[in-house]
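# Overview (structure and organization)
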Amino acid sequence: MNIVLSGIKPTGIPTLGNYLGALKNFVRLQNSMTDYEFFVFVADLHAITTPQDPKTLKQNIKNVAALYLACGLNPERLVLFIQSEVNAHIKLGYAMQSICYMGELERMTQYKDKAAKQTQGITSALFTYPALMAADILLYDAKYVPVGDDQKQHLELTRDLAIRFNNRYGETFVIPEPLIPKKGARIMDLQDPSKKMDKSSDNEKGCIFLLEPINSIKKKIKSAVTDLETCVRYDKEKKPGISNLMTIYSTITELSFAEIEAKYVGKGYGDFKKDLAEIVACEVGKVQENFNRIINSQELESILNQGKERANLIANRKIDKIFKKIGLGR
Ligand code: AMP
Ligand code: TRP
């Protein structure tokens, strides 16, 4: 069976950007790609590439696992697991480092951005992160990897490494392809629409967290920066603020930009934002309701236990074959 796989780092509370760029997209794909097996995991090993408080990390891991289910992924068609509970990721991550060049890692824009922001020293794990990400994907022979726009470069490196390995050691890996949503792949910061909405941004007002109070979400939308023209029109270059809000509107309601523009002819930004606040509140409200039901349930524990077992079964088989091809061990 073909596999679709993706992961989210448990650093902080997932945002509306994660939801529209990743989570909502997984659910849509799961509903349409009925003959694929879905693997989703909490990328906790990736989280520790930047400093994390142990207690908070533990809570964030559970939150992300529960959020996957709260967004509507069907547990019966899903292998949901925690990365650090499958040792083969670390083994293959190391093997990937051994075929990946420094120059390739130095070119990664996410590394450059994060390294520039880092005040406490840059860890070597932050640098080699894309090799581990390649391992996450290749271990399961995933055919498709749904991610937001920001992960495109990491996916290209994963493909390069898979091809290099196959050439060097013989056919081993499926070459994966990214699945980037047409809309919602890059939700921008509400206060500074030139940067992406990010859990670890300095200004919380620009970022909507999936677990924050609904009233606070509405307030953030109403105070999002726009421009002086007061006409609801999509123009990403000249009107980045309103265009970002329209993207959010369109991704949730599935109305096109033209349909949204038509709906707000003669109306100002105030009306538009008020409606958008309600639309987002309703969508996130549903997710929060599900989340509250799941987070401390036995169901979550048993889904994660089953996921751990199935993921280990597949990953261990694969890593044995890979190490043999490389010539490791007896
Ligand atoms: P991360 O939070 O960095 O682990 O990202 C998890 C997933 O969410 C990845 O597929 C990202 O591409 C996606 N993502 C993160 N931030 C955004 C954003 N602002 N807009 C759209 N997708 C995003
Ligand atoms: N690097 C991804 C991010 O920051 C998270 C991730 C880790 C991932 N491993 C993955 C995504 C494998 C897809 C497939 O968003």
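Now for a look at the structure at hand. Counting starts from 1 at the beginning of each chain's written sequence and moves along it residue by residue. Chains carry letters and ligands carry numbers; both start at the beginning, A for chains and 1 for ligands, and go up in the order they are written. The model is predicted, so local features are restricted to residues of pLDDT at least 70 and side-chain atom pairs to those at 80 or more, both for listing and for counting; the totals for chains, interfaces and linings are taken over all residues. To obtain the side-chain values, all non-hydrogen atoms of the structure were included, while hydrogens and water were left out.

## Digging into the site of ligand 2
In this text, near means that some heavy atom of the residue lies within 4 Å of the molecule or strand in question. Around ligand 2 sit 14 residues, and of these K9, Y129, M133, D136 and Q151 come closest. Take K9: an N or O atom from its side chain is 2.8 Å from an oxygen atom of ligand 2. Under this definition, polar contacts are N or O atom pairs within 3.5 Å; protein pairs additionally need one hydrogen-donor-capable and one acceptor-capable atom, and for neighbouring residues in sequence, both atoms have to be side-chain atoms. Side-chain polar atom of Y129 to a nitrogen atom of ligand 2: 2.7 Å apart, as the coordinates give it. All accessible areas in this document rest on Shrake-Rupley with a 1.4 Å probe, and a residue is counted as covered only by the protein chains that are shown. Computed on the free molecule, ligand 2 has an accessible area of 360 Å², of which 93% lies beneath the protein chains in the complex. We count a stretch as a helix when DSSP gives it H or I for four or more residues in a row; a strand needs E for two or more, and each element gets its number in order from the N terminus. Within the residue set of the shell around ligand 2, elements represented by two or more residues are strand 1 (2-8) and helix 7 (124-138).

## A closer look at the state of the cysteines
By definition, a disulfide links the sulfur atoms of two cysteine residues through a covalent bond. Cysteine sulfur pairs qualify as disulfides if the two atoms are within 2.5 Å. Inspection of the entire model under this criterion finds zero disulfides. Unpaired in terms of disulfides, C282 finds its nearest cysteine sulfur in C71, a separation of 14 Å. Only protein chains enter the area calculation, which uses a 1.4 Å probe; residues under 20% of their type maximum are buried, those over 50% are exposed, and those in between are partly exposed. On the basis of relative accessibility, which here comes to 48%, the residue C282 falls in the partly exposed class.

## Remarks on the side chain of D189
Examined against the element boundaries, D189 turns out to sit in the loop between strand 5 (177-179) and helix 9 (214-222). Although D189 is buried, it makes no salt bridge; K195 carries the closest opposite charge, 4.4 Å away. Within polar-contact distance, the side chain of D189 engages the backbone nitrogen of Q191 at 2.8 Å. Whether two residues touch is decided by their heavy atoms; if any such pair falls within 4.5 Å, the residues are in contact. Sequence-distant contacts of D189, defined by excluding residues within four places in its chain, comprise K195, K196, M197, S201, N203, G206 and N244. As used throughout, the charge tally considers Lys and Arg to be positive and Asp and Glu to be negative, leaving His and the chain termini uncounted. Any carboxyl oxygen of Asp or Glu within 4 Å of a side-chain nitrogen of Lys or Arg constitutes a salt bridge here.

## A short note on the nonpolar core
If you look at the biggest cluster of nonpolar residues, it comprises 65 residues, and the most contacted ones within it are L16, Y68, I248, F272 and V280. With 10 residues, the single largest contributor to this core is helix 12 (residues 269-294). Counting contributing residues per domain, this core is built from domain 1 (3-180 + 298-326) and domain 2 (204-292), each supplying no fewer than three. Setting aside residues up to four positions removed in sequence, V280 forms contacts with L16, I217, I221, I248, I252 and G285. To define a nonpolar core, start from buried Ala, Val, Leu, Ile, Met, Phe, Trp, Tyr and Cys residues and group those joined through side-chain atoms within 4.5 Å. Ranked by size, the runner-up nonpolar core spans 43 residues in total, among them F41, A115, V147 and L155. Throughout the structure description, domain borders are defined by an automatic or database domain assignment.

## Re the packing of aromatic side chains
Between the rings of Phe, Tyr and Trp (Trp by its six-membered ring), a pair exists once the centres lie within 6.5 Å; its type follows the angle of the planes, with under 30 degrees stacked, over 60 edge-to-face, and the other angles tilted. Counted under the stated rule, the structure contains 12 aromatic pairs. The interplanar angle of 20° and the centroid separation of 5.4 Å between the aromatic rings of F41 and F81 together place this pair among those described as stacked. Of the two residues, F41 sits in strand 2 (residues 36-42) while F81 sits in strand 3 (residues 78-82), which places them 40 residues apart along the sequence. Judged by relative accessible area, F41 falls into the buried class, the value being 3%. By relative accessible area, F81 is classed as buried at 0%. Where F165 meets F173, the ring centres are 4.9 Å apart and the plane angle is 55°; that geometry is what we call tilted. For the pair formed by F165 and F173, the shared burial category is buried. Taken together, the ring pairs connect F39, F41, F81 and Y140 into an aromatic cluster. The rule is short: NZ of Lys or CZ of Arg within 6 Å of the ring centre and within 35 degrees of the ring normal puts a charge over the ring. Just above the ring of Y144 sits the side chain of K143; from NZ or CZ to the centre is 5.3 Å. Its end group placed over the ring of F257, K183 keeps NZ or CZ at 4.8 Å from the ring centre.

## Thoughts on the site of ligand 1
By nearness alone, 17 residues border ligand 1, and G148, D150, I187, M197 and K199 come closest of all. Backbone polar atom of A185 to a nitrogen atom of ligand 1: 3.5 Å apart, as the coordinates give it. At a separation of 2.8 Å, a nitrogen atom of ligand 1 approaches a polar backbone atom of I187. In terms of residue count, helix 1 (residues 16-32) provides more of the shell around ligand 1 than any other element does, four residues in total. Just so you know the grouping, Ala, Val, Leu, Ile, Met, Phe, Trp, Tyr, Cys and Pro go in nonpolar, Asp, Glu, Lys and Arg go in charged, and all remaining residues, Gly too, go in polar. Residue composition of the shell around ligand 1, by class: six nonpolar, six polar and five charged.

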